[in-house]
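# Examining the three-dimensional arrangement
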Amino acid sequence: MFKKLKIRWGISSNFQIAKIFIVFAITGSTSALISSPLKEFLGISSESLDWFIFWPLEIFIITLVYQPILLIVAAVFFEFKFFWEFEKKMLRKVGFKNLK
């Protein structure tokens, strides 16, 4: 399984895979923690909004917070180049076609 990931991601070592997984884990947890006060500040809560409005807003806010945190945590683990390429690939898929 890790052999296929190394080929797909263009990386060379199991240590690098471990660092990438750690970056994803830290970033996910941190973005959820940081988005909570932001939602409070904006007055977004499941009690004040219907679920069909709350959940898309929740996902949108966490996604917005996630992106810069991913690059910051990646830089701490010296994996910025990998994650910058990952970010550009994702942004191209959502419509930013001119990223190089």
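This text follows the structure it describes.
These remarks concern the structure in this document. (Residues numbered from 1 in each chain as written. Predicted model: local features only at pLDDT ≥ 70, side-chain atom pairs only at ≥ 80, totals over all residues. Heavy atoms only, no water.)

Summing up its helical and strand segments, the protein has four helices and zero strands in all. Counted from the first residue to the last, the protein has its helices and strands arranged as α-α-α-α. The C-alpha atoms of the protein give a radius of gyration of 16 Å, which is well past the 13 Å a tight globule of 100 residues would have. Oriented by its inertia axes, the alpha-carbon framework of the protein measures out at about 50 × 30 × 25 Å. The long-range share in the protein, meaning contacts at least 24 apart out of those at least 6 apart in sequence, stands at 49%. Summed over all atoms, the accessible surface of the protein reaches about 7,300 Å², with 71% contributed by carbon and sulfur. Of the charged side chains in the protein, 13 are positive and 7 negative; the average position of the first set lies 20 Å away from that of the second. (Helix = DSSP H or I, 4+ residues; strand = E, 2+ residues; numbered from the N terminus. Rg over C-alpha atoms; globule rule 2.2 N^0.38 Å. Contact = heavy atoms within 4.5 Å. Areas by Shrake-Rupley, 256 points an atom, 1.4 Å probe, with all protein chains shown as cover. Lys, Arg positive; Asp, Glu negative; His and termini not counted. Charge placed at Lys NZ, Arg CZ, Asp CG, Glu CD.)

Right, let's talk about unusual backbone geometry for a bit. In this structure, Phe-78 is a non-glycine residue whose phi angle is positive, near 60°. As for its position among the elements, Phe-78 is in the loop between helix H3 (51–76) and helix H4 (80–93).

Time to look at the packing of aromatic side chains. The final tally for this structure, using the stated rule, is 10 aromatic pairs. An angle of 75° between the planes, with centres 5.1 Å apart, marks the rings of Phe-24 and Phe-83 as edge-to-face. Note that Phe-24 is positioned in helix H2 (residues 14–42) and Phe-83 in helix H4, a separation of 59 residues in sequence. You can call Phe-83 buried: its relative accessible area is 0%. Here the aromatic rings of Phe-83 and Phe-86 are separated by 6.3 Å at their centres, their planes lie at 70°, and the arrangement is edge-to-face. In this pair, Phe-83 and Phe-86 both sit in helix H4, three residues apart, roughly one turn of the helix. (Phe/Tyr/Trp six-rings, centres within 6.5 Å; stacked < 30°, edge-to-face > 60°. Buried < 20%, exposed > 50% of the residue type's maximum accessible area, 1.4 Å probe, protein only.)

What follows covers the packing of H2 against H3. Where H2 contacts H3, the two axes come as close as 8 Å, and the packing angle between them is 135°. On the basis of the axis angle, H2 is oblique to H3. For the crossing formed where H2 meets H3, the hand is right-handed. For the pair H2 and H3, contact is made by Val-23, Phe-24, Ile-26, Thr-27, Gly-28, Thr-30, Ser-31, Ile-34, Ser-35, Leu-38, Lys-39 and Leu-42 and by Glu-58, Ile-61, Ile-62, Val-65, Tyr-66, Ile-69, Leu-70, Val-73 and Ala-74, respectively. Of the residues that constitute the contact of H2 with H3, the class distribution is 14 nonpolar, five polar and two charged. (Axes fitted to C-alpha atoms, helices over the stretch in contact; angles between N-to-C directions. Parallel < 35°, antiparallel > 145°, perpendicular 65-115°, else oblique. Left-handed = near helix turned anticlockwise from the far one by under 90°. Nonpolar A, V, L, I, M, F, W, Y, C, P; charged D, E, K, R; others polar.)

Inspection of the secondary structure assignment puts Lys-39 in helix H2. Classification of Lys-39 as buried rests on a relative accessible area of 10%. Lys-39 has contacts with Ile-44, Glu-58 and Ile-61, leaving out every residue within four places of it along the chain.

Our focus in this paragraph is a nonpolar patch on the surface. Among the surface-exposed residues, Trp-51, Phe-52, Ile-53 and Trp-55 lie close enough to one another that they form a single nonpolar patch of about 510 Å² accessible area. Assessed through its relative accessible area of 38%, Ile-53 is described here as partly exposed. (Patch = residues over 30% accessible without salt bridge, like charges linked within 9 Å, V, L, I, M, F, W, Y side chains within 5 Å. Salt bridge = Lys/Arg side-chain N within 4 Å of Asp/Glu carboxyl O.)

What follows is about the nonpolar core. In terms of nonpolar packing, the biggest core is built from 17 residues, with Ile-11, Ile-20, Val-23, Leu-70, Phe-82 and Phe-83 touching the most fellow members. Mapped onto this core, the elements with two or more residues apiece are H2, H3 and H4. Here this core takes nine residues from H3, the largest share from any one element. Leaving out residues up to four positions away in the same chain, Leu-70 has contacts with Val-23, Phe-24, Thr-27, Phe-83, Phe-86 and Glu-87. (Core = buried A, V, L, I, M, F, W, Y, C linked by side-chain atoms within 4.5 Å.)

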